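A closer look at the structure
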Amino acid sequence: MHSFKHSKLLSCDLKEIPLPPAGQTEGRGQRCQRGIGKGIRAAAATGVHLPAPCSCRLSAGTAESEVLRPVVSQKRLCCWSARSGWGCAGTGPGYTPHLPLSLWAEQTGTPLLVHTLWLAMSVLAALGMLAEPHFTRHAGAWNMLMAAVCMALLGCLQAQELQGHVSVILLGATGDLARKYLWQGLFQLYLEEAGKSHSFRFHGTALTSTKQGQEVIAKVLESLSCPRDTAPGRCAELKAQFQQLSEYRRLKTPEDYLALSEDIEARVQREGLQEAGRIFYFSVPPFAYAEIARSINSSCRPGPGAWLRVVLEKPFGRDHRSAQQLATELGSFFQEEEMYRVDHYLGKQVVAQILPFRDQNRKALDGLWSRHRVERVEIVMKETVDAEGRTSFYEEYGVIGDVLQNHLTEILMLVAMELPLNISSSEAVLGHKLQAFRALRGLQRGSAVVGQYQAYRGQVRRELQKPDSFHSLTPTFAGILVHIDNLRWEGVPFILMSGKALDERVGYVRILFKDQAYCAQSEKRWVPAQSHCLPQQIIFYIGHGELGGPAVLVSRNLFRPSLPSAGWKEVEGQPGLRLFGRPLSDYYAYSPVREQDAYSILISHIFHRRKDSFITMDNLLASWVFWTPLLDSLAHEVPRLYPGGAENGHLLDFEFSGSHLSFSQPPLEQLVPGLDSAPMPSDFQVLRAKYRDSPLISAWPEELIARLAGDIEAAAVQAVRRFGQFHLALSGGSSPVALFQQLATGHYGFPWAHTHLWLVDERCVPLWDPESNFQGLQAHLLQHVRVPHYNVHPMPVRRRQRLCAEEDQGAQAYAEEISTLVTNGSFDLVLLGMGTDGHTASLFPQSPVGLDGKQLVVLTTSPSGPHRRMSLSLPAINRARKVAVLVMGRMKREIAMLVSRVGREPKKWPISGVLPDSGQLVWYMDYDAFLG
């Protein structure tokens, strides 16, 4: 045990011990002090007066690990509790008695009563030495003092009783996240809390077999590490204790959960404890949440008087609708206060310091933190690693769902929200966050630039077993321009950026202030780091990069910041190191005294019921309301390819003007093959351009069909996720045949069970006729996929044994069917072609039928047989959310050139009238049609 001598105790300041804030757990030292306070007050009632609990400060020579928790002090006596024990020491002249007492039981089961009696003897002995002259004159006072001390120690004993047993259940305990971070975080929790007021048991669970799971967990537990200041022998002892308290079990069925609950209850009863609560940490994919939640709620909830805390890992949905659905499902099993949604960035030390920094520097920031002084804000997370091994996750969420919608958005809120008067109030912080969310300007397609590293597509094909023709549109890089429409931030650009396979690993928030100074003297005469003509910035350096760790930096020509000295220290100078264009010496730079892992911090907050570090449901849904429209608009956007790493050069640089964001450099796409060889399909990449002011996708036929099929599948998946069904209207003819075959054979993830198939047009022939568009659809697609028969909607060209008779009202019947089943009559996707005369669907030049008006379906006449046709009208087509026009073959080159030059003249060229009212038009042309 560390020896505390007279020289170590500098002073004792008498003070009252306040109650802890609402929702926070009182530390053991505070409880003991309060218990002794009760004894002191009781003693006062009998005429014996002792001082209130005191705070003893240590000299610099005291070991940091030996933190004193003072218990009671008199002029020449101070009793304390430290990690290694309890004791009392005289502090008066000539007195150096040291009466240590070990009370460090750490769940060994040693009765606290014995320790309490030992402590009482120590206190009485010390008092006897210090006050002997007084008590020889007043013998009765000795008995009263003994009674007071015993009452005080009895209060301490009551405060020291165990508050109960805590079971921590780690679901997915053998997974990557658990092995890398969560077991270490649980070990850190044990180091902090062992021997205080709770006993623990840690249950690692997964679907892995018991033997295999035990082997994995054993390796993980062996690799755990202690804080740097822990002696090796002590670390080995603590690890051994934690290993004894940890176990693995398979957890799959409701019966397994019931068995776990019964085991916990039996252990608590056997050891004579009271159950305090259970923590369930969901380190599993979100699709498993509902089933696990149901099992916990029905079979594994703790009994009355014990609490339940459920910890959930992102992603919390992929858009607003799915997030709302997940919240509703979980809300049927758990109360909101029982759920802790983790965004581990909120546990990072620098991110957690943003609000306290703003609070502690209010006076200095009042004139700086607004549109009047801030030029722009950059919130960045760059990674050098790619998505290999995580492509299934990335295909579903992309970089926006992985990083921007959660981590960077939370940081954006911490920077931009109005500062509450009390930042310790989680309710006030949440309220101000929601105000900031409501002030966000809606994101448009022009608010973003997206990219994809070149190796990603191949990784997806290998890991997800996709065919060679598969083309992914998933962004692995994104830059977003955000504006906040309120008085504080109006006009200030907030830039959010993240990506995989970039040139460095770093995360930071950079607030760059406007340069409002002009210096008449040359730069060589400026005072280093102090000139107002130098850049002024505040940087929350989250980690990695040039500094290698977290830090807060403030330009010296702004102000000297205030940070809590107990947790932050000034960074030592590093000659030659430059950050954001300036040497490190230009900044006041501070780093944490002790770096801590984000998950260790968050697990501690979960145990202590600190919900301010977690995402509430309101916060989550507000974020998805903001991001979902942008995700929808990017669903069919082709990301810019980049090689990865340092080879990216300036390819991903972007610039902004107003609310529009764009890449600084044009794409590096090969449009013309080498002159000394015949062009081959591999000589060309998919070409992106504009055609009639709408996106154009051009490639060789095979690549073009694969791309179009992929886009249709992506649209289908998105529509089913959002609306539960997908309405697809298809044209006939020869061009779509290859597309139908591609959809039938190469897209096994297509949600056919939720897809409704409609026809854009039909020839007035029986449906079994070879010239029927429906017959072509049946032969090349329907017979190969499982579409419910009631989801297939052929045009009713044959009624009452007649073909397309006006009086049979087939067109009106089809229009009524569309109005009944398709919301607002708006198809999710309409596939069109373009004839050599400029016709589309069965809308022909020099024919006014179907070009305007309110009719959704019309009867038309074709210049070629069979002449009678049924067709969607132009207004019906333009209601669609997306229209794709497929143009293939050298015979279409002339009309493609002509239509590219004309305006909107549907009577001459019906295809020129195709322009969705609020949807998107995309042209798909092969090279023969586009280049000739």
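For the structure itself, consult the block above.
Here's what I pulled together on the structure shown here. All of these numbers come straight from a predicted model, not from anything done at the bench. (Residues numbered from 1 in each chain as written. Predicted model: local features only at pLDDT ≥ 70, side-chain atom pairs only at ≥ 80, totals over all residues. Heavy atoms only, no water.)

Attention shifts here to the overall build of the protein chain. Across its full length, the protein chain carries 24 helices and 39 strands. Partitioning the intrachain contacts of the protein chain with sequence separation of at least 6 by distance along the chain shows that 74% fall at a separation of at least 24. Accessible area for the protein chain stands at about 42,100 Å²; split by element, carbon and sulfur atoms hold 52% of it. (Helix = DSSP H or I, 4+ residues; strand = E, 2+ residues; numbered from the N terminus. Contact = heavy atoms within 4.5 Å. Areas by Shrake-Rupley, 256 points an atom, 1.4 Å probe, with all protein chains shown as cover.)

Here we come to the sheet that holds strand S7 (residues 164-171). Pairing is parallel in the open sheet, where six strands are placed in the order S9-S8-S7-S10-S11-S12. Taken across any chain shown, the strands that pair with only one partner, and hence form the sheet edges, are strand S9 (246-250) and strand S12 (339-342). Adjacent strand axes in the sheet meet at a mean angle of 20° when their direction is disregarded. For strand S8 (residues 198-206) and S9, the ladder comprises five bridges, and the chain directions are parallel. If you follow Phe202 over to S9, its bridge partner there is Ser246. (Pairing = 2+ DSSP bridges. Axes fitted to C-alpha atoms, helices over the stretch in contact; angles between N-to-C directions.)

Tracing the backbone through its elements, the reader meets Leu781 in the loop between helix H20 (773-780) and strand S32 (792-793). For the pair Leu781 and Ala738, spaced 43 residues apart in the sequence, the C-alpha separation amounts to 10.0 Å. Ignoring any residue separated from it by four or fewer positions in sequence, one finds Leu781 in contact with Leu730, Phe740, Leu743, Ala744, Trp752 and Leu757.

Time to look at the state of the cysteines. Across all of its chains, the model carries two disulfides by this definition. One disulfide bridge connects Cys764 with Cys804, the sulfur atoms lying 1.8 Å from each other. The disulfide joining Cys764 to Cys804 has a torsion of about -90° about its S-S bond and is therefore left-handed. With Cys764 in the loop between strand S31 (761-763) and H20 and Cys804 in the loop between strand S34 (802-803) and helix H21 (810-821), this pair connects stretches of sequence that are 40 residues apart. By the burial criterion, Cys764 is buried, and Cys804 matches it. (Disulfide = S-S within 2.5 Å. Buried < 20%, exposed > 50% of the residue type's maximum accessible area, 1.4 Å probe, protein only.)

Moving on, we come to the environment of Thr861. With respect to the helices and strands, the residue Thr861 is situated in strand S36 (residues 857-861). Between the C-alpha atom of Thr861 and that of Ser847, which follows or precedes it by 14 residues, the distance is 8.3 Å. Contacts of Thr861, omitting those with residues within four sequence positions, involve Phe844, His867 and Arg868.

The next thing to look at is the nonpolar core. Formed by 127 residues in total, the largest nonpolar core has its most connected members in Phe282 and Phe494. Per element, the largest residue contribution to this core is 14 residues, and it comes from helix H13 (residues 391-416). Tyr691, Val720, Val760 and Ile877 belong to the second largest nonpolar core, which has 84 residues in total. (Core = buried A, V, L, I, M, F, W, Y, C linked by side-chain atoms within 4.5 Å.)

Once that is clear, we can look at the pairing of strand S16 (residues 494-499). Here S16 lies mainly inside the structure; six of its six residues are buried. Where strand S13 (residues 374-382) lies against S16, six bridges are found, and the strand directions are parallel. By the bridge assignment for S16, Ile379 is matched with Leu496. Pairing of strand S15 (residues 477-482) with S16 involves six bridges; the strand directions are antiparallel. From the neighbouring strand, Gly479 faces S16, where its bridge partner is Met497.

In H13, a bend of some 90° at Gly398 exceeds every other bend along the element. The element H13 is extensively covered by neighbouring structure, given that 23 of its 26 residues are classed as buried. (Bend = angle between axes of the 7 residues up to and from the residue.)

On to the packing of aromatic side chains, then. All told, the structure shown has 24 aromatic pairs when counted by the stated rule. Judged by centre distance (6.2 Å) and plane angle (70°), the rings of Phe477 and Tyr642 are edge-to-face. One end of the pair, Phe477, is in strand S15; the other, Tyr642, is in strand S24 (residues 640-642), and 165 residues separate them in sequence. With a relative accessible area of 0%, Tyr642 lands in the buried category. Where Trp489 meets Phe494, the ring centres are 5.3 Å apart and the plane angle is 80°; that geometry is what we call edge-to-face. Residue class for Trp489 comes out buried when judged on its relative accessible area of 0%. By relative accessible area, Phe494 is classed as buried at 0%. Among the aromatic residues, those joined into a ring-pair cluster are Trp183, Phe187, Tyr190, Phe200, Phe202, Phe242 and Phe607. Lying across the ring of Tyr345, Lys348 places its NZ or CZ 5.2 Å from the centre. (Phe/Tyr/Trp six-rings, centres within 6.5 Å; stacked < 30°, edge-to-face > 60°. Lys NZ or Arg CZ within 6 Å of the ring centre and 35° of its normal.)

This part is about the side chain of Thr628. Looking at where Thr628 falls in the secondary structure, it is placed in helix H17 (residues 617-633). By relative accessible area, Thr628 is classed as buried at 8%. A distance of 2.7 Å separates a polar atom in the side chain of Thr628 from the backbone oxygen of Trp624. Once residues within four sequence positions are removed from consideration, Thr628 is found in contact with Asp319 and His320. (Polar contact = N/O pair within 3.5 Å; in protein donor to acceptor, adjacent residues only side chain to side chain.)

It is worth spelling out the sheet that holds strand S23 (residues 587-592) at this point. Across the sheet, which stays open at both edges, the ten strands sit in the order S20-S23-S19-S18-S17-S13-S16-S15-S14-S24 with mixed pairing between neighbours. The open sheet has two edge strands with one neighbour each: strand S20 (568-570) and S24. Averaged over all pairs of adjacent strands, the angle between their axes in this sheet comes to 15°, without regard to strand direction. Pairing of strand S17 (residues 506-513) with strand S18 (residues 537-544) involves seven bridges; the strand directions are antiparallel. Note on S18: the bridge partner recorded for Gly507 is Gly543.

Going through the model one piece at a time under the given rule, you end up with 37 salt bridges. In this structure, the salt-bridge partner of Glu378 is Arg510, at a minimum N-O distance of 3.3 Å. Remark: Arg510 occurs in strand S17 and Glu378 occurs in strand S13; sequence separation between them is 132 residues. On the accessibility criterion, Glu378 (9% relative accessible area) is buried. (Salt bridge = Lys/Arg side-chain N within 4 Å of Asp/Glu carboxyl O.)

All right, on to the packing of H13 against helix H15 (residues 456-464) then. In a packed pair of helices, the relevant descriptors are the angle between the two axes and the axis-to-axis distance. H15 packs onto H13 with a crossing angle of 120° between their chain directions and a minimal axis gap of 9 Å. The angle between the axes of H13 and H15 places the two elements in the oblique class. Across the interface between the two elements, Thr391, Ser392, Tyr394 and Glu395 from H13 touch Tyr456, Gln459, Val460, Glu463 and Leu464 from H15. Partitioning the contact of H13 with H15 into residue classes produces four nonpolar, three polar and two charged. (Parallel < 35°, antiparallel > 145°, perpendicular 65-115°, else oblique. Nonpolar A, V, L, I, M, F, W, Y, C, P; charged D, E, K, R; others polar.)

Here the focus is helix H18 (residues 701-723). Relative to the 33 Å expected for 23 residues at 1.5 Å per residue, H18 spans 32 Å between its end C-alpha atoms, a close match to the ideal helical length. Positive backbone phi, approximately 90°, marks Gly724, located one or two places after H18. (Expected span 1.5 Å × (residues − 1).)

Moving on to unusual backbone geometry. Residues Lys314 and Pro315 are joined by a peptide bond in cis, for which omega reads 10°. Residue placement: Pro315 occurs in the loop between strand S11 (307-313) and helix H9 (320-331). Cis peptide bonds are those with omega within 30 degrees of zero, and the linkage from Gly865 to Pro866 qualifies with -10°. Turning to its location among the elements, Pro866 is positioned in the loop between S36 and strand S37 (868-872). The phi angle at Arg609 is positive, at roughly 60°, despite the residue not being glycine. By secondary structure assignment, the location of Arg609 is in the loop between helix H16 (598-607) and H17. Under the relative-accessibility criterion, Arg609 is labelled partly exposed at 49%. Although it is not a glycine, Gln801 adopts a positive phi angle of roughly 65°.

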